[in-house]
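The primary structure of each chain is shown beneath.
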Amino acid sequence: MLKNVCFVFCFLGMLSELYPKVKNSFEGSINPGFSYDTNFYKNHSELAATTLSLETNLKLKTRFTRNTSTRLEYNFGLEKYTDADKEFDFTAKEEDYYSHRLSIQLKQRLGELFLLDIPCGYGIFQQPNYENETLIEGTATTIRYNSQSFNFTPEINYYFLDHTTLKAGYLYNEDIYKDYDLDSKSNGIMLKISQDISLSSYLDISGLAQTKNYSERRIYKSTDTTSKGAFTDEERQDKITNIGLSFTKNISKNLKFALSPGYQKLDSNANWPELYRISSTAVSRKLKDDFYDYTRVGGAVNVGWGALKGTLLNLSGSYYQTKYDERLAKDEYYYYKKPEEKRLDKKNTLSLNVTQDIAKNVAAKFGYTYQKNSTNDFIYDYESNKFSTSLMCWF
């Protein structure tokens, strides 16, 4: 992967030497960081962990003509986890990962009113310490969550009014897992209208409808999940609808406000063999239809304030309510509650980030995030506090 990245960057860089009219600009950043999370897995167990991270970003922008340009971008991510809770049998080191992502974007103006924007990317995700033995369709299988992904999202921008832009595009995404049955392909259509309300106020209205197919996931026909005859030939398919609105207001030179309400709906044909408690000592399994279906509504608010020269404060908060159509809430014994209750989640998140310039092209960032998920499902009723710091260096 790294050899290919170096080759592509060098090739595009040579174009400016061979063709003087081709203009290149190069920039990059390196961001080491540290964080401590009081609830790493975001559930009732409240298992804590510390994280060491590294992010690297390289960008090469090339302008071939007045109407044609490209942007090549490479991202490397690394996170290493350390157990912070010795009381439990908990090994956060299994979650260590590194990732590579290479993306390229082509922009081509088509006259005065249209702009064609074609981004695509390829990524690799690796968890070197994670292995898990399990039965899949009666066969003992070693699971590793290493994966590859590819995305292609072309869109056309139509500037049909002086302060109004219409964007329409197509979304394609593919995830491939070598040792796990979570391979998927997504296809969708997206639409966005951007309106400049004034010189300092902007409004975006967007919609996305996509279908996600899991080629290795089948619909259950039996509750005996370890047998080869437990599945039908029908693949799992999720249909996802997103509707969003974003309002941005530059209140002053140093103060910015943003509000982003949203709606999401997931409809899936997948079912799940759930455990039901018959008595205090006996349980049975039953196929539960529409297990993954939900409706989510909520929104986020963000305030950015350049309090002092070289100092940026960013305060954000969000609230989302997720109502599951058929999934039932569980009690502290991991069985469905009696009487039955549909699961309902109410998640609140509050974040404060402070960025401080400490030298030319060097800044320090300090962050705190509080999250509370209030739900009638015992497993996912939790609170978490995350403290983070990072050093941002760019060139």
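Our subject is the structure listed above.
Heads up: these notes are all about the structure in this document.

Cut-off values and rules
- Residues numbered from 1 in each chain as written.
- Predicted model: local features only at pLDDT ≥ 70, side-chain atom pairs only at ≥ 80, totals over all residues.
- Heavy atoms only, no water.
- 1 Å grid on protein atoms, 1.4 Å probe; cavity = no way out; pocket = protein on both sides within 12 Å on 5 of 7 lines; lining within 4 Å.
- Points joined across faces, edges and corners; volume = space filled by probe spheres on them.
- Helix = DSSP H or I, 4+ residues; strand = E, 2+ residues; numbered from the N terminus.
- Nonpolar A, V, L, I, M, F, W, Y, C, P; charged D, E, K, R; others polar.
- Core = buried A, V, L, I, M, F, W, Y, C linked by side-chain atoms within 4.5 Å.
- Buried < 20%, exposed > 50% of the residue type's maximum accessible area, 1.4 Å probe, protein only.
- Contact = heavy atoms within 4.5 Å.
- Polar contact = N/O pair within 3.5 Å; in protein donor to acceptor, adjacent residues only side chain to side chain.
- Phe/Tyr/Trp six-rings, centres within 6.5 Å; stacked < 30°, edge-to-face > 60°.
- Lys NZ or Arg CZ within 6 Å of the ring centre and 35° of its normal.

## Observations concerning the layout of surface pockets
Estimated volume of the second largest pocket: approximately 500 Å³. Residue lining of the second largest pocket: 22 residues in total, with S53, E55, K386, S388 and S390 positioned closest to the centre. Sorting the residues of the lining of the second largest pocket by element identifies strand 1 (23-37), strand 2 (49-63), strand 3 (68-83), strand 20 (362-375) and strand 21 (382-394) as the ones contributing at least two each. No other element matches the 6 residues that strand 1 contributes to the lining of the second largest pocket. The class makeup of the residues in the lining of the second largest pocket is 6 nonpolar, 11 polar and 5 charged.

## Section: the nonpolar core
Membership of the largest hydrophobic core is limited to 11 residues, which are I219, I240, L266, A270, Y276, F291, Y292, Y294, Y324, L328 and Y336. Dropping the residues within four chain positions of it, Y324 is found in contact with D293, Y294, K342, R343 and D345.

## Let's talk about the environment of Y334
Assignment of secondary structure puts Y334 in the loop between strand 18 (311-328) and strand 19 (342-359). Residues Y334 and I379 lie 45 residues apart in sequence; the distance between their C-alpha atoms is 7.5 Å. If near-sequence neighbours (up to four positions away) are discounted, Y334 is found in contact with H44 and I379. Of note is the side chain of Y334, whose polar atom sits 3.2 Å from the side chain of H44.

## So, the packing of aromatic side chains
In the structure shown here, the tally under the stated rule is 15 aromatic pairs. Measuring from ring centre to ring centre gives 5.1 Å for Y368 and F387, while their planes differ by 40 degrees; the resulting arrangement is tilted. Taken together, the positions of Y368 in strand 20 and F387 in strand 21 put the pair 19 residues apart, joining distant regions of the chain. With a relative accessible area of 29%, Y368 lands in the partly exposed category. An aromatic cluster is built from Y220, F231, W272, F291 and Y292, whose rings are joined through pairwise contacts. When the ring centre of Y214 is taken as origin, the NZ or CZ atom of R236, which lies over that ring, is 4.5 Å away. Here R236 stacks its cationic end above the ring of Y292, 4.0 Å away from the centre of that ring.

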